[in-house]
Structure formats: C-alpha cells, structure tokens
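Coordinate inspection notes
Spelled out from the first residue to the last, the chains are:
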Amino acid sequence: MPKDFSEIFELIRKKIQLPFCNHKKIDLPFDSIEVEGIGKISIPISLNEIERLKTRATQAPFGRGFETLVDREVRDVLQIDGSQLLLQENVLAETIKDLLGEMNIDVDAIGVEGKLYKLLVYEEHGHFVKHRDTEKEKGMFGTLLVQLPVEGGYEGGSLVVSHEGEEKEVVFNKESE
C-alpha cells in the first residue's frame, strides 16, 4: 500500500504510462519576475540584469546525509530563495495546470500545487554532479524546471535525468525544443 502522494503518483504514472521526464519549449505566461532588493527583472533577461541577480544570490549548497555543504566541485551554481521572488498572480498555478493537463492529469482533481523553490543562476562551466533529488516538502512528487530566456541567447548546457534504469537528456541551447 502506498504511503504518500509521491508513491501514489508513481503508481499512476506507471499505469497510464506517463514519461518520468518530459520537456518542451513554451511561451512564458509572464514578462518579468520581481526580486526582493532588486525590483522587476524583464524577460528575456539581459546580461546587465544577470549581474544584478548575482548581487542577491548565494552559492547553492547541496545535501549529503544530514549535512548541508558548499563545494563548487560538486555544485557550482548561484541561488536566490523562492521567498525573495514574486511572479505575476496565478502564473505558476496556471502553468502547472496547463503542462500537466497536456498529460491528461487533472490538477484540480488531485490537488496539485506548485511552489516556487528557488531561482538558479548557472554561469559558464556551472554544474551539479549526478545526484538524487531530495523531497523538499512532504508529498513532493516532481520538479518543474523553467529555463528563462536570456537576451542574445545562450549555448550549451544539458540536464540528464535518470529513473529506474532509464535516462533522458534535456539539452538547453537556443536551437533546442
């Protein structure tokens, strides 16, 4: 018998054959994000605004057992906590509803809600070594990653997701879909 929502979702995912990882390019339903101490950041983000974001960011840690560590050889990325970020009202909820709806998952029926956890700023050579993502709060069953567009584009970068022996690479570059 499943113990929590994440186990129930995994059983449903297998039964209706949902992919463990899905990605697509979407038109963002917002044109800016508000950052505490900085103000409004327009999207696409300019190089100047990235520099402004970096003034509010801290080096992102990672967990190992019961410890929280900072080691740039393991994880080299800057972070801004979600409590310092503000999106236009209902944007996150509507985006999640639309994306899961495309997979025939009724967000309202199962009571799914999204939480803006953090904004990450990956610079050239930034990385996070292979790891198992941890549950951020009880009932967490997935992660929605949104790559914000950057003025002038970008090149390189990918995310490799593995689950139960399967692996999928999501490529992040201006030509990718």
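Everything in this summary refers to the structure shown in the same document. All figures in this text were calculated on a predicted structure; none of them were measured in a lab.

We now examine the overall build of the chain. Counting its regular elements, the chain contains 4 helices and 12 strands. Out of the 177 residues belonging to the chain, those deemed buried represent 28%. For the chain, the accessible area works out to roughly 12,600 Å², and carbon and sulfur atoms hold 50% of it.

Another point: helix 3 (residues 91-101). Where helix 3 is concerned, the buried positions are Val91, Thr95, Ile96, Leu99 and Leu100. The arc enclosing the buried residues of helix 3, seen along the axis, measures out at 145°, which places them on a common side. Tucked inside the fold, the buried residues of helix 3 contact helix 4 (107-110).

A few words now on the sheet that holds strand 8 (residues 85-86). Strand order in this open sheet of 3 strands is 2-1-8, and the pairing throughout is antiparallel. Here the strands that pair on one side only, and so sit at the sheet edges, are strand 2 (39-42) and strand 8. Here strand 1 (residues 32-35) pairs with strand 2 via 4 bridges, running antiparallel. Residue pairing for strand 2: Ser32 is matched across the bridge by Ser42. Across the face of the sheet, helix 2 (residues 47-56) comes into contact with strand 1 and strand 2 while running at roughly 140° to strand 2.

Reading the values: rules and limits
- Residues numbered from 1 in each chain as written.
- Predicted model: local features only at pLDDT ≥ 70, side-chain atom pairs only at ≥ 80, totals over all residues.
- Heavy atoms only, no water.
- Helix = DSSP H or I, 4+ residues; strand = E, 2+ residues; numbered from the N terminus.
- Buried < 20%, exposed > 50% of the residue type's maximum accessible area, 1.4 Å probe, protein only.
- Areas by Shrake-Rupley, 256 points an atom, 1.4 Å probe, with all protein chains shown as cover.
- Arc of directions from axis to C-beta.
- Contact = heavy atoms within 4.5 Å.
- Pairing = 2+ DSSP bridges.
- Axes fitted to C-alpha atoms, helices over the stretch in contact; angles between N-to-C directions.

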